[in-house]
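Listed below are the residues making up each chain.
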Amino acid sequence: MFLIDVLWKLLPLYFFGSDRDSLSESILQIVPETMAASSSSSILCNAGESDLCRDDSAAFLLKLVAIASILMAGAAGVAIPLIGRNRRFLQTDGSLFVAAKAFAAGVILSTGFVHMLAGGTEALTNPCLPDFPWSKFPFPGFFAMVAALITLLVDFMGTQYYERKQEREATDKSDEQPGYEQSPSIVVPVVAEGANDEKVFGEEDNGGIHIVGIHAHAAHHRHNHPQGHNSCEGHRKIDIGHGHGHGHGHGHGHGHGGLDVGSGARHVVVSQVLELGIVSHSIIIGISLGVSQSPCTIRPLIAALSFHQFFEGFALGGCISQAQFRNKSATIMACFFALTTPIGIGIGTAVASSFNSHSVGALVTEGILDSLSAGILVYMALVDLIAADFLSKRMSCNFRLQIVSYLMLFLGAGLMSSLAIWA
């Protein structure tokens, strides 16, 4: 590698140099400079970066503080929506929850673009990596793109799987209870007489977006509730009717099972895929903090990562709450998220003495995982969190909610982006 660097620098001089003496002088100048650069780079990559603020004992105490702080922040963030779903002011269909979820979506979007993708790019373009293949192709963006496409496939297939599963369970229940009525599901749009043509494709009557399937029950429901010329007025009427929780006197005594099948399956998949993306990068940031022996680095990370985990947990908790998991399943998912970063810090602390963050293996692993996490989080934030809420009829019919939600979205993205100064 040293010989290649020297020849690469001498090649222009050989073809465009003025005379032999200048070429000889250039060789005498370039060779020592290249040797010095190669030696310093080798020392940096083999031993890791020296830190003037290094203090192992103080760093260990700060890591314990970080574990406690991040654990409490993550647990509080994911628990608030789960506990609040039984409280009126924090119910998942309330305007306050929609605005708070918009803020959390901005946090996740910024995490993917500003933190994860930037971290993956920094790792995979590190000078300690060999030039081939890492400097010959933009791998960070490629891995993020692949992760987003795979997430789309998992999102689609998972939603269809849970839809069919819930429909089979509903069919079995209707067989056991003769008075139970279940509407079939179809995968093509059904336009009923008197239906509103302005409804967004895939939108359900409760204001959400059902991307994968459209149910005949929704069309039948619209057929029996003509909305007139004002689509928002009709939407409000339907919301009021749903809020009372009773039948409408037209044979739908089963609590709108057709709609619940689609939206329930959607929220189940969203919560699970989102947790996968969040957990994968939570391990990375935990290990990164754990291997550091610098109090100057750890102190700002404690506050930054606590904020980070709280609002990521809030977004995840909202998705888990909307999926209506049983208490046991919801608790397991919440605990798994809350414990991931502290476990990563513990792993990093255990291997800190022998870990070299500038080794080829560490850089490649960190870069690939960061890039994959970025693709997952960007897809989930844009498609399953932002688009699902901001393209709903509920949002378009409530101007005040639009303003507040957009402000919260930009605020969350801006605040999370500013944390890149420290983390």
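Please read all numbers here as calculations on a predicted model, not as lab measurements.

## Some points on the overall build of the protein
- In terms of helices and strands, the protein carries 14 helices and 2 strands.
- Buried positions account for 45% of the 423 residues belonging to the protein.
- For the protein, the share of sequence-separated contacts (at least 6 apart) that also reach a separation of at least 24 residues comes to 84%.
- Accessible surface for the protein amounts to roughly 21900 Å². Of this, 65% is attributable to carbon and sulfur atoms.

## Let's talk about the environment of V269
- By the element assignment, V269 lies in helix α9 (residues 257–291).
- In this structure the C-alpha to C-alpha distance between V269 and G158, which are 111 residues apart in sequence, comes to 6.0 Å.

## Some thoughts on the packing of aromatic side chains
- Going through the model one piece at a time under the given rule, you end up with 12 aromatic pairs.
- An angle of 75° between the planes, with centres 5.2 Å apart, marks the rings of Y161 and Y162 as edge-to-face.
- Using a relative accessible area of 46% as the deciding quantity, one classes Y161 as partly exposed.
- The rings of W134, F137, F139, F142 and F143 are connected pair by pair, giving a single aromatic cluster.

## Re the pattern of salt bridges
- One pass over the full model with this rule turns up 2 salt bridges.
- When the shortest N-O distance is used, the salt bridge between R54 and D56 registers 3.3 Å.
- On the basis of relative accessible area, R54 is assigned to the exposed category, the value being 52%.
- The salt bridge partner of K101 is D389, with a shortest N-O separation of 3.8 Å.

## Considering the packing of helix α4 (residues 95–124) against helix α14 (residues 399–418)
- Between α4 and α14, the shortest axis-to-axis distance is 7 Å and the interhelical angle comes to 35°. As for the relative orientation of α4 and α14, their crossing is right-handed in sense. Touching S95, V98, A99, A102, F103, A105, G106, V107, S110, T111, V114 and H115 of α4 are L401, V404, S405, M408, L409, L411, G412, A413, L415, M416 and S417, all from α14.
- Among the residues making up the contact of α4 with α14, the classes are represented as 15 nonpolar, 8 polar and no charged.

## As for a nonpolar patch on the surface
- Together, F137, F142, M145, L149 and L152 line one region of the surface with nonpolar side chains, adding up to about 470 Å² of accessible area.
- Note on placement: M145 falls in helix α6 (residues 139–176).

## Description of the side chain of D384
- With respect to the secondary-structure elements, D384 resides in helix α12 (residues 360–390).
- Judged by relative accessible area, D384 falls into the buried class, the value being 5%.

## Quick look at the packing of α4 against helix α10 (residues 295–323)
- Axis separation between α4 and α10 bottoms out at 9 Å; the angle between their running directions is 125°. Comparing the axis directions of α4 and α10 gives the class oblique. With respect to the hand of their crossing, α4 and α10 are arranged in left-handed fashion. Contacts from F97, A100, K101, F103, A104, V107, I108 and T111 of α4 reach α10 at F307, H308, F311, E312, F314, A315, G318 and Q322.
- Class assignment for the residues of the contact of α4 with α10 results in 10 nonpolar, 4 polar and 2 charged.

## What about the side chain of H308?
- Turning to its location among the elements, H308 is positioned in helix α10.
- Other than its neighbours up to four places away in sequence, H308 contacts T111, H281, I285 and M416.

## Topic: the environment of H115
- Summarising the element assignment, H115 is placed in helix α4.
- On a C-alpha basis, the gap between H115 and M416 in space is 8.8 Å, while along the polypeptide they are 301 residues apart.

## Some words on the nonpolar core
- Core analysis: the largest hydrophobic core is formed by 54 residues, its most contacted members being I108, L274, I278, L289, I320, F325 and M380.
- If you list the elements that add at least two residues to this core, you get α3 (56–84), α4, α6, α9, α10, α11 (327–351), α12 and α14.
- Core analysis: the second largest hydrophobic core is formed by 10 residues, C45, C128, L129 and W134 among them.

## What to know about unusual backbone geometry
- Between F132 and P133 the backbone carries a cis peptide bond, its omega angle lying at 5°.
- You will see that Q324, though not glycine, has its phi angle at about 55°, which is positive.
- By the element assignment, Q324 lies in the loop between α10 and α11.

## Thoughts on the confidence of the model for the protein
- Considering every residue of the protein, the mean pLDDT works out to 75; 65% of them sit at 70 or more.
- Element-level mean pLDDT values for the protein span from 39 in strand β2 (residues 214–215) up to 93 in α14.
- Across residues 209–229 the pLDDT falls below 50, and counting only partners more than four positions away or on other chains, this stretch makes 63 contacts in the model.
- Taken together, the stretch residues 237–260 has pLDDT below 50 and engages in 36 contacts with residues farther than four places along the chain or on a different chain.

## Details of α10
- The terminal C-alpha atoms of α10 lie 41 Å apart, and with 29 residues this matches the ideal 42 Å at 1.5 Å per residue to within 8%.
- A maximum bend of about 30° is found in α10 at L301.
- Most of α10 sits out of view: 22 of its 29 residues are buried.
- Phi turns positive, to about 55°, at Q324, one or two residues after α10.

Rules and cut-offs
- Residues numbered from 1 in each chain as written.
- Predicted model: local features only at pLDDT ≥ 70, side-chain atom pairs only at ≥ 80, totals over all residues.
- Heavy atoms only, no water.
- Helix = DSSP H or I, 4+ residues; strand = E, 2+ residues; numbered from the N terminus.
- Buried < 20%, exposed > 50% of the residue type's maximum accessible area, 1.4 Å probe, protein only.
- Contact = heavy atoms within 4.5 Å.
- Areas by Shrake-Rupley, 256 points an atom, 1.4 Å probe, with all protein chains shown as cover.
- Phe/Tyr/Trp six-rings, centres within 6.5 Å; stacked < 30°, edge-to-face > 60°.
- Salt bridge = Lys/Arg side-chain N within 4 Å of Asp/Glu carboxyl O.
- Axes fitted to C-alpha atoms, helices over the stretch in contact; angles between N-to-C directions.
- Left-handed = near helix turned anticlockwise from the far one by under 90°.
- Nonpolar A, V, L, I, M, F, W, Y, C, P; charged D, E, K, R; others polar.
- Patch = residues over 30% accessible without salt bridge, like charges linked within 9 Å, V, L, I, M, F, W, Y side chains within 5 Å.
- Parallel < 35°, antiparallel > 145°, perpendicular 65-115°, else oblique.
- Core = buried A, V, L, I, M, F, W, Y, C linked by side-chain atoms within 4.5 Å.
- pLDDT = per-residue confidence, 0-100.
- Expected span 1.5 Å × (residues − 1).
- Bend = angle between axes of the 7 residues up to and from the residue.

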